[in-house]
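Descriptive analysis of the structure
Read off the chains here:
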Amino acid sequence: MVLVKKLMVVLFLGVSSTAFSQDTIWFSKPGKVVASRDSAERFNVIYKDQADTQKVRVMRYLIDGTLHEELNFYPYLPDKVLQGVFKRYSAGQLIEERNYAKNQLNGSFKTYWENGKVRRDDWYEKGAFVSGKCYGISGADTT
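Structure report, in brief. (Residues numbered from 1 in each chain as written. Predicted model: local features only at pLDDT ≥ 70, side-chain atom pairs only at ≥ 80, totals over all residues. Heavy atoms only, no water.)

1. A short note on the overall build of the protein chain
Rule in force here: Here a helix means four or more residues in a row that DSSP labels H or I, a strand means two or more in a row labelled E, and each is numbered from the N terminus. A simple rule labels every residue: compare its accessible area, found with a 1.4 Å probe on the protein chains alone, to the largest value its type can have, and call it buried under 20%, exposed over 50%, or partly exposed in between. Using a 1.4 Å probe, the Shrake-Rupley method yields the accessible areas, and only the shown protein chains count as cover for residues.
A tally of helices and strands in the protein chain yields one helix and ten strands. Counting from the amino terminus, the protein chain carries its helices and strands in the arrangement α-β-β-β-β-β-β-β-β-β-β. Considering the protein chain as a whole, with its 143 residues, one finds that 34% of them fall into the buried category. Summing over all exposed atoms, the protein chain offers an accessible surface of approximately 8,800 Å²; the carbon and sulfur share of this is 57%.

Right, here's the structure in full:
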């Protein structure tokens, strides 16, 4: 299973690099940047759009290759501005998905049960909560 995950990460990195340039940054336990994988606990792969290098997708992985988070920024420098989808994973499974516009929640914000079914489905506009629904583990609406 670990080998399959690693192979999927390698394939993903290879396919994604055709439209985006990429950099890998290694981090130690306290979140400090380190020079190599040997002393790292996790790593980020940063994809920059070739047409606009300020449009950036950051994929955060645990050292074993398990995907932890996906973030999108525009612009990326000098200050990172969340723009687009943000996804969080636990043990490689999607647990949270939210949308941002200019660093503010904007649009859908979903959380998921361990079985993959939607737990909460909220809607935000310019950072303000508008509406939401809750679902049980079976998927039934419990709002």
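2. Side note on the pattern of salt bridges
As a reminder, the rule being used: By convention in these notes, a salt bridge is any Lys or Arg side-chain nitrogen within 4 Å of a carboxyl oxygen on Asp or Glu.
Overall, the coordinates contain six salt bridges when judged by the stated rule. With a closest N to O distance of 4.0 Å, Lys 87 and Glu 97 form a salt bridge. Highlighted residues: Lys 87 in strand 6 (residues 84–90) and Glu 97 in strand 7 (residues 93–101), separated in sequence by ten residues. Between Glu 96 and Arg 88 there is a salt bridge whose closest N-O contact spans 3.7 Å. By relative accessible area, Arg 88 is classed as partly exposed at 24%. What you see here is one network of salt bridges that share partners, running through Arg 60, Glu 69, Arg 88, Glu 96 and Arg 98.

3. Points about the pairing of strand 10 (residues 128–134)
Put simply, the test is: Only strands that DSSP links by at least two bridges are regarded as paired with each other.
Examined bridge by bridge, strand 9 (residues 118–125) and strand 10 share six bridges and lie antiparallel to one another. By the bridge assignment, Asp 122 is partnered in strand 10 with Gly 132. Between strand 9 and strand 10, which follow one another and run antiparallel, lie two residues, and Lys 126 among them has a positive phi close to 50°.

4. Points about the packing of aromatic side chains
Any pair of aromatic rings gets described here by the distance separating the centres and the angle formed by the planes. Note the threshold: Aromatic rings from Phe, Tyr and Trp, taking only the six-membered ring of Trp, are treated as a pair when their centres fall within 6.5 Å; an angle between ring planes under 30 degrees marks them as stacked, one over 60 as edge-to-face, and anything in between as tilted. By the criterion adopted, a ring carries a charge over it if an Arg CZ or a Lys NZ lies within 6 Å of its centre and within 35 degrees of its normal.
The full count for this structure, using the stated rule, is six aromatic pairs. Their ring planes at 75° and their centres at 5.7 Å tell us that Tyr 124 and Phe 129 sit as a pair that is edge-to-face. These aromatic residues form a ring-pair network of at least three members: Trp 26, Phe 43 and Tyr 61. One Lys or Arg, Arg 42, reaches over the ring of Phe 27 and ends 4.2 Å from the middle of that ring. Against the face of Trp 113 rests Arg 119, its NZ or CZ located 3.9 Å from the ring centre.

5. As for the nonpolar core
Defined as follows: Among buried residues, the Ala, Val, Leu, Ile, Met, Phe, Trp, Tyr and Cys ones that are joined through side-chain atoms within 4.5 Å form a nonpolar core. Contacts: residue pairs with any heavy atoms within 4.5 Å of one another.
With twelve residues, the main nonpolar core is built from Ile 46, Val 56, Val 58, Leu 71, Phe 73, Tyr 76, Leu 82, Phe 86, Tyr 100, Leu 105, Phe 109 and Tyr 124. The set of elements that each furnish at least two residues to this core consists of strand 4 (56–62), strand 5 (67–73) and strand 8 (104–112). If near-sequence neighbours (up to four positions away) are discounted, Tyr 124 is found in contact with Leu 105, Asn 106, Gly 107, Phe 109, Phe 129 and Val 130. Within the second largest apolar cluster, ten residues are counted, among which are Val 34, Phe 43, Val 45 and Tyr 47.

Bear in mind that shape data such as this cannot, by itself, settle questions of function.
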